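Observations on the model geometry
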Amino acid sequence: MQGHKNAESWGPLSSLPGNPMIWILILSELMVFGVGLMGFVIARDIDPVGFAKSQDSLNRLAGAINTMVLITSGLFAALAVEARARDNVQTSRWWLLAAGSFGVIFLIIKAFEYRDKILHNSAGLNENFLTLYFLLTGFHAAHVVMGLVILFIVGWKNNLENIETGTAFWHMVDLIWVLLFPVIYLLR
Amino acid sequence: MKYQSQKVAFWYFGAAMALFAIQVLVGAIMGYIYVAPNFMSELIPFNIFRMLHTNALIVWLLLGFFGAAYYLIPEEAERDIESPMLAYGQLILLVVGTLGAVLTYVFNFAEGNVVFGQQGREFLEQPLWVKLGIIVAALVFLYNITMTVLKGRKTAVSNVLLLGLWGVALFFLFSLYNPGNLSLDKMYWWYVVHIWVEGVWELVMAAILAFLMLKLTGIDREIIEKWIYAIVALALFTGLLGTGHHYYWIGTPGYWQWIGSVFSALEIVPFLAMVVFAFMMVWKGGRDHPNKAAVLWALGSTVLAFFGAGVWGFMHTLAPVNFYSHGTQITAAHGHLAFFGAYVSMNLAMITYAMPYLRKSEPYNQISNMISFWLMAGGMSFMTITLTFAGIIQTHLQRVNGEDFMSVQEQLGVFYWMRLGSGIVFVIGALLFIYATFGPKKVRA
Amino acid sequence: MKHTRTNRAGLLRTWAILMGLSLATMLAGRVNENLSLAPLWAMALLGVAGLKARLILGRFLGLRHASSDWNSAFTILLVILQVSLLAAFLALYLPVFHSPTP
Ligand code: HEM
Ligand code: HEM
Ligand SMILES: [Fe+2]
């Protein structure tokens with residue numbers, strides 16, 4: 001464990017692993033999606049019947065598979081850090097590539113879902129539902145895209161701190177999905 | 001004062017305080033017009049006073065920021081300002097522009113003229129030539145400050161300040177764009193108005209606060225730097241998409257109601273972080289700095305900003321609430337306390353801190369200065385509360401019961417009298433402040 | 001700033017548990033059917049989701065190497081979030097909403 005020059009100057013944030021700024025981001029994202037999901041459930045209270053019908057139009061299985069895709073991708077990202085910590089640069093790059101590839105699979109499945117929703121079955125659905133579905137999952141998917149870019153960058157400039165910080169972002173995206181999926185797809 | 005060129009700040013602060021006096025006096029006149037509607041109406045109508053009030057506010061706050069930058073950048077960069085001459089030239093340009101705007105508003109001699117006529121959009125009424133002058137002044141300023149920083153020591157404080165001030169200039173460019181479509185017009189208008197006060201100005205505020213904490217407490221620079229990076233990240237994360245809270249009813253797509261509500265609800269966080277930061281630093285670093293008044297203003301600023309921007313902002317930021325409260329006195333209550341807490345107070349904190357050095361003396365007139373703090377903070381808080389009550393009643397009568405605007409206004413008279421009263425207390429406080437900082441000084445022992 | 005210490009076996013175990021919990025989510029949320037969830041199932045669903053999030057934080061993000069204050073803080077945050085979501089969901093059963101069955 002290499003100490004950082006000003007390890008203690010982050011105050012209470014110093015004891016968190018990786019760059020403390022990433023934890024500020026994690027907390028912020030948790031709050032944003034948390035408030036968004038609260039909005040979703042409250043909007044649901046206003047029109048439960050419309051929401052149930054709208055939720056039934058989602059492809060729940062696709063969502064569930066995507067959960068597993070992301071969790072597996074998270075494992076690969078964690079293994080990349082583990083390899084890098086043992087100074088195994090090349091191995092860590094392969095793991096990052098694997099993590100990124102699963103991210104791409106996630107996006108492909110997501111794209112099919114969106115295509116289906118936009119082309120075939122958005123008629124007659126609750127409007128708040130549609131707005132929130134696209135906003136929340138879309139905002140999340142944008143994070144996946146961003147995450148891919150970050151994984152690429154830290155694979156390239158691959159010191160341990162970079163890889164830790166980059167994969168922390170990736171795990172956060174994963175974390176958000178784990179909270180998002182049950183509420184939007186399953187809670188009815 | 002370690003560097004000769006910091007002296008420039010003195011003139012910026014002086015010009016700022018002159019405009020401050022005018023701004024609040026005009027405010028008091030408007031407060032009186034609210035209860036005696038025909039007062040001066042033949043001479044200068046209310047809407048002209050309103051333009052003077054808000055424009056003077058914005059311009060003096062910017063002058064204060066420029067002065068603060070000219071004062072603190074040399075100490076951070078450890079060298080003199082690149083060109084003091086340019087800095088004075090910039091000030092003259094701004095003063096000429098301000099006078100031009102005032103004359104245009106009051107005499108309205110060029111109504112409708114593309115270059116010389118006033119442009120009508122709230123806060124951005126300045127005629128085109130004044131806007132261009134402001135942009136030139138901003139470019140001169142940015143050149144001057146950026147070169148100073150680039151050739152000197154680079155610190156987090158100056159980085160954040162520079163980022164903020166570049167942002168101020170960049171987003172002001174949207175004031176030049178005025179599409180015919182009213183929805184688009186409003187959309188870009190908020191790029192200036194919202195992204196200024198809830199984005200880039202917050203960075204300027206955080207940088208000045210950090211500088212004051214460095215000087216007023218014994219806390220290490222490293223710790224302070226971490227705090228301001230965190231605050232800046234939070235401010236931008238919430239504030240940029242928070243712009244959506246102005247896109248509810250102007251013809252923009254419905255999803256803005258969700259984006260605006262969610263992100264702007266979190267805008268309270270960076271303001272809370274500034275309170276925690278300032279109090280922790282003063283509490284832990286409790287070096288007994290002789291300039292007690294500056295400490296008071298700095299701490300007071302974070303608290304009042306937290307209430308004015310954070311709490312009062314949150315109060316009407318969710319779309320279902322804003323549906324009713326939009327454009328009522330609640331907005332005015334929030335606008336006053338937020339501007340006063342965040343930007344007026346932080347400017348006054350900086351001025352209180354810097355003036356003794358600029359005038360080569362010990363901290364002086366501390367008691368009057370601190371009294372002026374309590375007069376202004378008290379006056380403004382009371383004014384905010386009265387306007388909030390007025391706003392709640394107005395919302396109920398006008399938006400829920402559907403009574404018409406003027407008949408509702410007549411029922412709010414008592415609140416407008418109280419606003420006038422608290423406004424006068426505020427004006428007294430402001431004049432006392434100017435006396436305390438620019439008046440007779442104690443000679444250095 | 002600290003660096004995490006991990007080992008492969010531990011990560012694989014975490015992954016296996018998370019996959020198992022994902023199956024539990026699918027079961028509690030009845031992925032294959034269009035029916036409404038009974039309150040207890042809704043509770044299980046949100047509980048498992050919170051647990052998964054906590055595991056990702058602790059094991060993948062390395063939160064467990066941080067101070068115990070941070071660990072409790074994140075636990076509390078997640079509990080507040082999931083409980084509020086559940087409460088908002090169950091609010092449907094209150095008489096103020098006209099259709100008591102969701
Ligand atoms: C530093 C102190 C002050 C600040 C920062 C300030 C700021 C502002 C701002 C931002 C507005 C525009 C509000 C909006 O668009 O909703 C405004 C309007 C106004 N201000 Fe002030 N002001 C200050 C002092 C005063 C004082 C002392 C008075 C005296 C009573 C006053 C009276 C008014 C009035 C009457 C309006 C017009 C409101 C309307 O159009 O209904 N202000 N001020
Ligand atoms: C120091 C920071 C801030 C300042 C100086 C400020 C100032 C103002 C002013 C002057 C207006 C009136 C604009 C107009 O003429 O229409 C306004 C409107 C508004 N502000 Fe702020 N504000 C600040 C921060 C915030 C924050 C943090 C929030 C939310 C949490 C917020 C929420 C709002 C909302 C929702 C409106 C629209 C009100 C309406 O619909 O009439 N503000 N603000
Ligand atoms: Fe705003």
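Residues numbered from 1 in each chain as written. Chains lettered and ligands numbered in written order. Predicted model: local features only at pLDDT ≥ 70, side-chain atom pairs only at ≥ 80, totals over all residues. Heavy atoms only, no water.

**A word on the coordination of the iron ion (ligand 3)**
All names here are of chain B. This is how it is decided: Metal sites are built from N, O and S donor atoms within 2.8 Å, or 3.2 Å for Na, K and Ca, and they leave out water, so they may look incomplete. Square planar and octahedral sites, with four and six donors, are those where opposite donors lie more than 155 degrees apart and all other angles lie between 65 and 115, tetrahedral sites have four donors with every angle between 85 and 135 degrees, and the rest are irregular.
On the protein side, the iron ion (ligand 3) has His194 (ND1), Glu198 (OE), His245 (NE2) and His246 (NE2) as donor atoms, found 2.1 to 2.2 Å from it. Taken together, the four donor atoms coordinating the iron ion (ligand 3) and their angles of 83 to 150° define a geometry best described as irregular. The sequence pattern describing where the donors of the iron ion (ligand 3) fall on their chain is H-x3-E-x46-H-H. Here the iron ion (ligand 3) and the iron atom of ligand 2 are spaced 4.3 Å apart.

**Concerning the site of ligand 1**
All names here are of chain B. Condition: Note on definitions. A residue lies near a molecule or strand when any single heavy atom of the residue is within 4 Å of it. Distance and chemistry together define a polar contact, namely a pair of N or O atoms within 3.5 Å, with one atom able to donate a hydrogen and the other to accept it when in protein, and with adjacent residues in sequence counting only for side-chain atoms on both sides. Numbered from the N terminus, helices here are DSSP runs of H or I no shorter than four residues, and strands are runs of E no shorter than two. Gly is placed with the polar residues, together with every amino acid not listed as nonpolar (Ala, Val, Leu, Ile, Met, Phe, Trp, Tyr, Cys and Pro) or charged (Asp, Glu, Lys and Arg).
By nearness alone, 24 residues border ligand 1, and Tyr34, Arg50, His53, Glu122 and His336 come closest of all. His336 places a side-chain nitrogen or oxygen 2.7 Å from a nitrogen atom of ligand 1. Within the residue set of the shell around ligand 1, elements represented by two or more residues are helix H1 (8-35), helix H2 (46-77), helix H12 (329-358), helix H13 (366-400) and helix H15 (413-438). No other element matches the seven residues that H1 contributes to the shell around ligand 1. For the shell around ligand 1, the per-class residue count stands at 14 nonpolar, seven polar and three charged.

**Some details on the packing of aromatic side chains**
Two aromatic rings, taken as a pair, are described by how far apart their centres are and by the angle between their planes. Defined as follows: Stacked, tilted and edge-to-face pairs are distinguished by plane angle, under 30 degrees for stacked and over 60 for edge-to-face with tilted covering the rest, among Phe, Tyr and Trp rings (Trp via its six-membered ring) whose centres lie within 6.5 Å. Burial classification: accessible surface area is computed with a 1.4 Å probe over protein chains only, and a residue below 20% of its type maximum counts as buried, one above 50% as exposed, and the rest as partly exposed. By definition, being over a ring means that NZ of Lys or CZ of Arg is both within 6 Å of the ring centre and within 35 degrees of the ring normal.
Overall, the coordinates contain 59 aromatic pairs over all chains when judged by the stated rule. Between A:Phe129 and A:Tyr133, the ring centres sit 5.9 Å apart and the planes meet at 10°, which makes this aromatic pair stacked. In this pair, A:Phe129 and A:Tyr133 are both assigned in helix H5 (residues 127-156), four residues apart and thus about one turn of the helix distant. The pair formed by A:Phe129 and A:Tyr133 is uniform in burial state, with each residue classed as buried. Seen in terms of ring centroids, B:Phe65 and B:Trp201 are 5.2 Å apart; in terms of plane orientation they differ by 85°. Their pairing is edge-to-face. Of the two residues, B:Phe65 sits in helix H2 while B:Trp201 sits in helix H6 (residues 182-216), which places them 136 residues apart along the sequence. A relative accessible area of 1% places B:Phe65 in the buried class. An aromatic cluster of three or more residues is present, and its members are A:Phe40, A:Phe51, A:Phe106, A:Tyr114, A:Phe129, A:Tyr133, A:Phe134, A:Trp177, A:Phe181 and A:Tyr185. If you follow B:Lys7 out to its NZ or CZ, it ends over the ring of B:Phe10, 5.0 Å from the centre. In this arrangement the basic side chain of B:Arg419 is found over the ring face of B:Tyr34, its NZ or CZ atom lying 4.5 Å from the centre.

**A word on the coordination of the iron atom of ligand 2**
Coordination of the iron atom of ligand 2 by the protein comes from a single atom, B:His334 (NE2), at 2.0 Å. Turning to its location among the elements, B:His334 is positioned in helix H12.

**Some remarks on the packing of H5(A) against helix H6 (residues 160-186) of chain A**
Residues and elements named next belong to chain A. Note the cut-off: Note on method: axes are straight lines fitted to C-alpha atoms, helices fitted across the in-contact stretch only, with angles between N-to-C directions ranging 0 to 180 degrees. The scheme is simple: roughly parallel for angles under 35 degrees, roughly antiparallel for over 145, roughly perpendicular for 65 to 115, oblique for anything else. By definition, turning the near helix anticlockwise from the far helix through less than a right angle yields a left-handed crossing, and turning it clockwise yields a right-handed one.
Following both chains from N to C, one finds H5 and H6 inclined at 160°, their axes separated by 9 Å at the closest point. Between H5 and H6, the angle falls in the class roughly antiparallel. In this structure, H5 crosses over H6, and the sense of that crossing is left-handed. Across the contact of H5 with H6, the residue classes tally to 19 nonpolar, seven polar and no charged.

**Quick word on the arrangement of the chains**
The following threshold applies: In this description, contact between two residues means that some pair of their heavy atoms is separated by no more than 4.5 Å.
By contact count, the dominant pairing among the two pairs of chains in contact is that of chains A and C. With no contact formed, the shortest span from any C-alpha in chain B to any C-alpha in chain C equals 12 Å.

**Focus on the pattern of salt bridges**
Heads up, the rule is: What counts as a salt bridge is simple: a side-chain nitrogen of Lys or Arg found within 4 Å of a carboxyl oxygen of Asp or Glu.
Inspection of every chain in the model, using the stated rule, returns 13 salt bridges over all chains. Here A:Lys110 makes a salt bridge to A:Glu113, at a shortest N to O gap of 3.3 Å. Residue A:Lys110 and its partner A:Glu113 are both found in helix H4 (residues 89-119); the two are separated by three residues, about one turn of the helix. In terms of burial, A:Lys110 and A:Glu113 fall into one category: buried. Each of A:Glu82, A:Arg86 and C:Arg8 takes part in a single network of salt bridges with overlapping partners.

**Examining the nonpolar core**
Residues and elements named next belong to chain B. Going by this rule: Only buried residues count toward a nonpolar core. Its members are Ala, Val, Leu, Ile, Met, Phe, Trp, Tyr and Cys residues joined through side-chain atoms within 4.5 Å.
Ranked by size, the top nonpolar core spans 231 residues in total, and within it Phe20, Trp60, Trp201 and Leu348 carry the most contacts. In terms of residues, this core owes the most to one element, H6, which gives 22 residues. Among all residues touching Phe20, those that are not within four sequence positions of it are Trp60, Val344, Leu348, Met376, Phe426, Ala430 and Ile434. One finds Ile33, Ile44, Ile48 and Ala101 within the second-largest nonpolar core, a separate group that totals 11 residues.

**Thoughts on the layout of surface pockets**
Where we set the bar: In this analysis a 1.4 Å probe is tested at points of a 1 Å grid over the protein atoms alone, and where it fits but cannot get out there is a cavity; an open set with protein on both sides within 12 Å along at least five of seven lines is a pocket; lining residues have an atom within 4 Å of a point. Grid points are joined across faces, edges and corners, and a volume is the space filled by probe spheres set on the points.
Approximately 640 Å³ is the volume found for the second largest pocket. Together, 25 residues line the second largest pocket, and A:Leu13, A:Ile24, B:Trp227, B:Ala230 and B:Ala273 are the ones closest to its centre. Of all elements in the fold, only helix H1 (20-46) of chain A together with helix H7 (221-242) and helix H9 (268-284) of chain B reach the threshold of two or more residues within the lining of the second largest pocket. Among the residues making up the lining of the second largest pocket, the classes are represented as 19 nonpolar, three polar and three charged.

**Things to note about the site of ligand 2**
Residue and element names in this part refer to chain B. Taken together, 25 residues surround ligand 2, and among them Glu122, His326, Gly327, Thr331 and His334 come closest. Within the side chain of Asn322, one N or O atom sits 2.9 Å away from an oxygen atom of ligand 2. Note that an oxygen atom of ligand 2 is positioned 2.7 Å from one of the side-chain N or O atoms of Thr331. Within the residue set of the shell around ligand 2, elements represented by two or more residues are H6, helix H10 (292-315) and H12. Among the elements that make up the shell around ligand 2, the one with the highest residue count is H12 (seven residues). Of the residues belonging to the shell around ligand 2, the class tally is 10 nonpolar, 12 polar and three charged.

**What to know about the packing of helix H3 (residues 60-85) of chain A against H4(A)**
All names here are of chain A. At a minimum axis distance of 8 Å, the contact between H3 and H4 shows a crossing angle of 165°. Judged by the inter-axis angle, H3 sits roughly antiparallel to H4. In the crossing of H3 with H4, the sense of the turn from one axis to the other is left-handed. Here the residues of the contact of H3 with H4 sort into 18 nonpolar, seven polar and three charged.

**Digging into the interface of chain C and chain A**
The test is simple: Buried area counts how much accessible surface, traced with a 1.4 Å probe, disappears from two parts once they are put together, with both parts' losses summed.
Taken together, the 54 residues of chain C in the interface contact 55 residues of chain A. Summed over both sides, the interface between chain C and chain A buries roughly 5100 Å², with carbon and sulfur atoms accounting for 76% of that surface. The tally of links between chain C and chain A comes to one salt bridge. Every element with two or more residues in the side of chain C that touches chain A is listed here: helix H1 (8-28), helix H2 (39-60) and helix H3 (68-90) of chain C. Residue composition of the side of chain C that touches chain A, grouped by class: 34 nonpolar, 15 polar and five charged.

**Some remarks on the interface of chain A and chain B**
Each partner contributes to the interface: chain A provides 19 residues, whereas chain B provides 16 residues. Counting the contacts that link chain A with chain B gives one residue pair in polar contact (both at pLDDT 80 or more). Elements supplying a minimum of two residues to the side of chain A that touches chain B: H1 and H5 of chain A. Broken down by element, the side of chain A that touches chain B gets its largest block of residues, 11 residues, from H1(A). Classifying every residue of the side of chain A that touches chain B by side-chain character gives 11 nonpolar, seven polar and one charged.

**Details of empty space enclosed by the protein**
Residue and element names in this part refer to chain B. Overall, the coordinates contain three cavities of 30 Å³ or more when judged by the stated rule. Volume-wise, the second largest cavity comes out at about 40 Å³. In this structure, the second largest cavity is lined by Asn291, Thr352, Met355, Pro356, Tyr364, Gln366, Asn369, Ala436 and Thr437. Listed by contribution, the elements that provide at least two residues to the lining of the second largest cavity are H12, H13 and H15. Of all the elements, H12 adds the most residues to the lining of the second largest cavity, at three residues. Across the lining of the second largest cavity, the residue classes tally to four nonpolar, five polar and no charged.

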